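Spelled out, the chains give:
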Amino acid sequence: MKRLTLFVTTLLLLNSFAWVVHADNNAIADYPDCAKLLTHNNVRETDVAILQPILAATTEFMLATCAAFNEDDMRALNDRHFLTAGKPNGNRAELVKLLRKNFSDEPFPDISDVIVEWQSVDYTQALNSQLYSLNVIQGKRRDEYAFMLQSGTSNISFMVDDRMQQACLKLSTMACDLFFKEVERVTSVQNIFLGSNEIKQALVNTAQKRQDWHRFGEEGRFMTFIDIAFTSWIYSEEFSNGKSLPPPPKYQFFALRPSIAYEHFSAAESGDKDEMTLAVEWVGINQWDADIPWGVSIASVYADRSKGRKLGHGLMLHLNNKLSIGFANRGGGDNSVYINIDLLNWFSRFDAYASFKNAMLD
Amino acid sequence: MKPPIVLVIHGMGTHVTGDVIKEVKTGLNASASFLGLQNFALDTHFDFEEYNYSEYFDEQRKAQGDFFKALGKVIPFSSRFLQELFQFQAKLADDSFFYTHWLDVITYGVLDTIRITAMLRLKEKLLTLLRDAANDAEGKRDVIVVAHSLGTAMTHDVLTSLYLRPDEPDDDEKIRYINHPLSGLWMVANVSRMTQILTRYLDPNHSIVRDDSANSAGVAKIYYPIYNQFDPFTVFKRYLVEPVYGDLIRTNSLRFIKHTDGSKTVNPHSLTEYFSNPEVGAEFLYQHTMLQITPAMRQAAKVKYLTTTIDGELKDAVKEILAKIKALSNTVNASNDLLSLISCSMQLFLFVKELKDLYATSSKQGA
């Protein structure tokens, strides 16, 4: 515990030193989120002596990026000097120095090529969440590793052999698997804030989109599979974008959608004027998420009356995703009106759907 | 330090929560047994999580069935077309093999609003797991994804919407491999090429969903696409990409599966069967645990496993049906219209049913 306290204190001191070069000279205490990063599991101290200066440097860099975002996130996104407290090239020079001093081609094949490539990495590229990522050595298959700075740079793999085991023990008093994990952990500290920020943003936005789609399913008009296929076909360009999941559509589309309506036909015989009828929407549209949701369908109604035409055609207006009012022409100048309640939505609202459904399905 | 997290995503059909994890565990335990591992306790090596979309698909299917059944009770239909349409839709509430399996594929491929809702739930689950694994108080944890059958398609399509290629600019709904790599990706009975014909998403042969290497950007440190040549779902538009870190595992065995009631079945599509085969299960244990598994142990496990497989006439009969599926596969491509694609999918499932019946008959004879 004492060692941990000493370590954190050292980091804080290092960090306050870094703030001297920071334009706005803020203290980490001003940003509890940044102070919390010091408790991240990857920031714990290392017993490997050659990695200790690297850990101090990557930790300092990570805290600087956090403070910059807390201070002015827009500026941090556009000004790399501000983001990195005056260290826009990160700690790659220190890493290259470490590799050059301690790693040789003899036990670590191709390391000199890797060093040459890493030295020439272009730092002028636009800021993104991987620019400051460091892994150095990444575990692949069991006993197989790859030198790696970031995706797109060298990804040279190698297997651990006896000579390499000896080299690892000499460098760290650890077997290679543990030593390489330690290298990966210590170097990855540099990008912890930017990486965490990346996944936090992705999660918030994905959760929001998931909720929007949930609302589409819950609040929109009930859609049959035909309606869903029809809507999918209308929005096929957006919905087939495999690189980004789209938000829910603004409109629902309907085709061949049956429902039950209660119809009033004034020209029918007395006692036969009000009937339950089958309504079919041939094609329709509904703006489900408007301030007052509304829609319209071309529809027909059918009622088995003793007199008059059984079939009528007209329009159905939808309101608030739940209620529809229709008008049907029965020919010969006779018209009827009907009201249509979305049974599934309506009954579930009053918690009576289960009993209704059971009665219907018995 | 805590063990790796294994997220399992099930395949076609109805799955009760917990079942798919049991299937993987049963398979891995069988492989451990073939390896001769003593005092093997799977739960000390992995924490299993699952993503279940079948409950949501079932919910949607039942709502459709209930809606049309209710209509049928209230209104006596006179139009024959409408009657047939409504009766077909009312049948969707039944959980028969054809409806659940075929409809799952059609639901995923054609009913985009349902598919996207299910995909977003998986994407959120994956992001949550990756975030929590990175921030675990005891140290960063590995996250391994195991997907089966239709789950491979959904996993593929979610991962392409989740991971950026290195040369793409930041996107506030995406992450990068270098910051949040999957430690392993196991795609068992990969059908992502089959559904891609319907969804028109990115081509799995060229997507980022693979291992990351100098040759191609990826999402996982190691990648294992797997198929059994007797699994009918892997014949149609078979996935054959060879990973750099990992392996394209091809198996070609059939086994009688003994049940507790004494009956036997044959099911080369079963997730348990895939992981029971040491070519898959032993490789999984070797890559993701620190267990001492030598090449000699693995060879001995394969030999032991082969003594449990069947050969002979059944395999020949199966090959005939698989040849028909292969011929059907060759006639289908993305330029076909939607109705002909749906028609092809029905034909495919009829072949699958033929094969299922053949397996059932041979199981009775072999019982």
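Owing to the predicted nature of the structure, the values given are computational and were not obtained by experimental measurement.

Let's shift gears to the overall build of chain A. Looking only at helices and strands, chain A has 14 helices and 9 strands in total. Of all 362 residues assigned to chain A, the portion counted as buried reaches 37%. Taking the contacts inside chain A whose residues are at least 6 apart along the sequence as the reference set, 57% of them involve residues at least 24 apart.

Counting its secondary structure elements, chain B contains 12 helices and 12 strands. Taking all 367 residues of chain B together, 50% fall into the buried category.

With that out of the way, let us pick up the pairing of strand β7 (residues 220-228) of chain B. Residue and element names in this part refer to chain B. The buried fraction of β7 amounts to 9 of the 9 residues, a majority that puts the element mostly inside the structure. Strand direction decides the pairing type here: strand β6 (residues 182-188) and β7, joined by 6 bridges, are parallel. Paired with L182 across the strands is A220, a residue of β7. Crossover β6 to β7 through helix α7 (residues 192-199) is right-handed. Sheet topology places β7 next to strand β8 (residues 249-251); 3 bridges connect them, and they run parallel. Its bridge partner lying in β8, I226 is registered against I249.

Compared with the 33 Å implied by 1.5 Å per residue over 23 residues, the 32 Å span of helix α5 (residues 112-134) of chain B between its first and last C-alpha is a close match. The buried fraction of α5 of chain B is high, at 17 of 23 residues.

Moving on: the interface of chain A and chain B. Each partner contributes to the interface: chain A provides 57 residues, whereas chain B provides 63 residues. Looking at the side of chain A that touches chain B, the element that brings in the most residues is helix α10 (residues 192-219) of chain A, giving 14 residues. Grouping the constituent residues of the side of chain A that touches chain B by class yields 22 nonpolar, 27 polar and 8 charged.

The next subject is the pairing of strand β8 (residues 323-331) of chain A. All names here are of chain A. Sheet topology places strand β7 (residues 311-319) next to β8; 7 bridges connect them, and they run antiparallel. The partner of L319 across the bridge, within β8, is L323. Hairpin geometry of β7 and β8 is characterised by an intervening segment of 3 residues between the two adjacent antiparallel strands and by a positive phi of about 55° at N320.

On to the confidence of the model for chain A, then. Residue and element names in this part refer to chain A. Predicted confidence across chain A gives a mean pLDDT of 82, with 82% of residues reaching 70 or more. Here helix α14 (residues 353-361) stands out as the least confident element of chain A, with mean pLDDT 44; α10 is the most confident, with 95. Every residue in residues 347-362 is under pLDDT 50, and counting partners more than four places away or in other chains gives 11 contacts.

Next up on the list: α10 of chain A. Residue pairs three or four apart in sequence face the same way in an α-helix, which turns once every 3.6 residues. The terminal C-alpha atoms of α10 of chain A lie 40 Å apart, and with 28 residues this matches the ideal 40 Å at 1.5 Å per residue to within 8%. Tucked into the core, α10 of chain A has its buried residues touching α2 (32-37), α3 (52-71) and α9 (176-188) of chain A together with α5 and β5 (175-176) of chain B.

Two measures define how a pair of helices packs: the angle their axes make with one another and the distance between the axes. All names here are of chain A. The contact between helix α6 (residues 92-102) and helix α7 (residues 111-119) brings their axes to 10 Å, and the two run at 165°. Comparing the axis directions of α6 and α7 gives the class roughly antiparallel. Seen from above, α6 lies across α7 with left-handed handedness. On the side of α6, the interface is formed by R92, V96, L99 and R100, while α7 contributes I111, I115, W118 and Q119.

This paragraph deals with the nonpolar core. Residues and elements named next belong to chain B. Membership of the largest hydrophobic core comes to 107 residues, with the highest contact counts inside it found for L7, V146, M154, W186, V188 and V219. If you tally residues by element for this core, the top one is α5, at 10 residues. Not counting chain neighbours up to four residues away, the residues in contact with V146 comprise V6, V8, V24, W186 and V188.

Right, let's talk about the sheet that holds strand β3 (residues 143-148) of chain B for a bit. Residue and element names in this part refer to chain B. Spatially, 6 strands are ordered β2-β1-β3-β6-β7-β8 in an open sheet, and the strand pairing comes out parallel. Taken across any chain shown, the strands that pair with only one partner, and hence form the sheet edges, are β2 (47-51) and β8. Strand-to-strand twist in this sheet, taken as the mean axis angle between neighbours without regard to direction, amounts to 15°. Sitting on the sheet, α5 is in contact with β1 (5-9), β2 and β3, with an inclination near 175° to β1. Helix-sheet contacts for helix α6 (residues 150-162) involve β1, β3 and β6, and the interaxial angle to β3 is about 130°.

At a minimum axis separation of 7 Å, helix α11 (residues 225-234) of chain A and α5 of chain B run at an interaxial angle of 80°. Taken as axis vectors, α11 of chain A and α5 of chain B run roughly perpendicular relative to one another. In this structure, α11 of chain A contributes I228, T231 and S232 of chain A to the contact, and α5 of chain B contributes D112, T113 and I114 of chain B. Of the residues in the contact of α11 of chain A with α5 of chain B, the class split is 2 nonpolar, 3 polar and 1 charged.

This part is about the environment of N78 of chain A. All names here are of chain A. Relative to the elements of secondary structure, N78 occurs in helix α4 (residues 73-78). Residue N78 is classed as exposed on the basis of its C-beta count, with 12 C-beta atoms lying within 10 Å. Sequence spacing of N78 and L127 is 49 residues, and the spatial spacing of their C-alpha atoms is 7.5 Å.

The next point concerns unusual backbone geometry. Phi at N321 of chain A is positive, roughly 65°, even though this residue is not glycine. On the secondary structure map, N321 of chain A appears in the loop between β7 and β8. Although it is not a glycine, S149 of chain B adopts a positive phi angle of roughly 55°. Topologically, S149 of chain B is positioned in the loop between β3 and α6.

Quick look at the confidence of the model for chain B now. Taken over all residues, the pLDDT of chain B has a mean of 86, while the share at 70 or more is 89%. For this predicted complex, the interface confidence reaches an ipTM of 0.87, while the overall pTM sits at 0.87.

Residues and elements named next belong to chain B. Position of D142 among the secondary structure elements: in the loop between α5 and β3. Separated by 41 residues in sequence, D142 and S183 have C-alpha atoms that sit 5.6 Å apart. Aside from chain neighbours lying at most four places away, what touches D142 is P4 and S183.

Residue and element names in this part refer to chain B. The residue T272 is located in helix α8 (residues 271-276) in this model. Overall, T272 belongs to the buried group, with 20 C-beta atoms counted inside 10 Å. Sequence spacing of T272 and T44 is 228 residues, and the spatial spacing of their C-alpha atoms is 20 Å. In this view, T272 contacts E23, T26 and G27; residues no more than four positions away in its chain are not counted.

Parameters at a glance
- Residues numbered from 1 in each chain as written.
- Chains lettered and ligands numbered in written order.
- Predicted model: local features only at pLDDT ≥ 70, side-chain atom pairs only at ≥ 80, totals over all residues.
- Helix = DSSP H or I, 4+ residues; strand = E, 2+ residues; numbered from the N terminus.
- Buried ≥ 20, exposed ≤ 12 C-beta atoms within 10 Å, placed from the backbone.
- Contact = placed C-beta atoms within 7 Å.
- Pairing = 2+ DSSP bridges.
- Right-handed = clockwise from strand over helix to strand, strands pointing away.
- Expected span 1.5 Å × (residues − 1).
- Nonpolar A, V, L, I, M, F, W, Y, C, P; charged D, E, K, R; others polar.
- pLDDT = per-residue confidence, 0-100.
- Axes fitted to C-alpha atoms, helices over the stretch in contact; angles between N-to-C directions.
- Parallel < 35°, antiparallel > 145°, perpendicular 65-115°, else oblique.
- Left-handed = near helix turned anticlockwise from the far one by under 90°.
- Core = buried A, V, L, I, M, F, W, Y, C linked by C-beta atoms within 7 Å.

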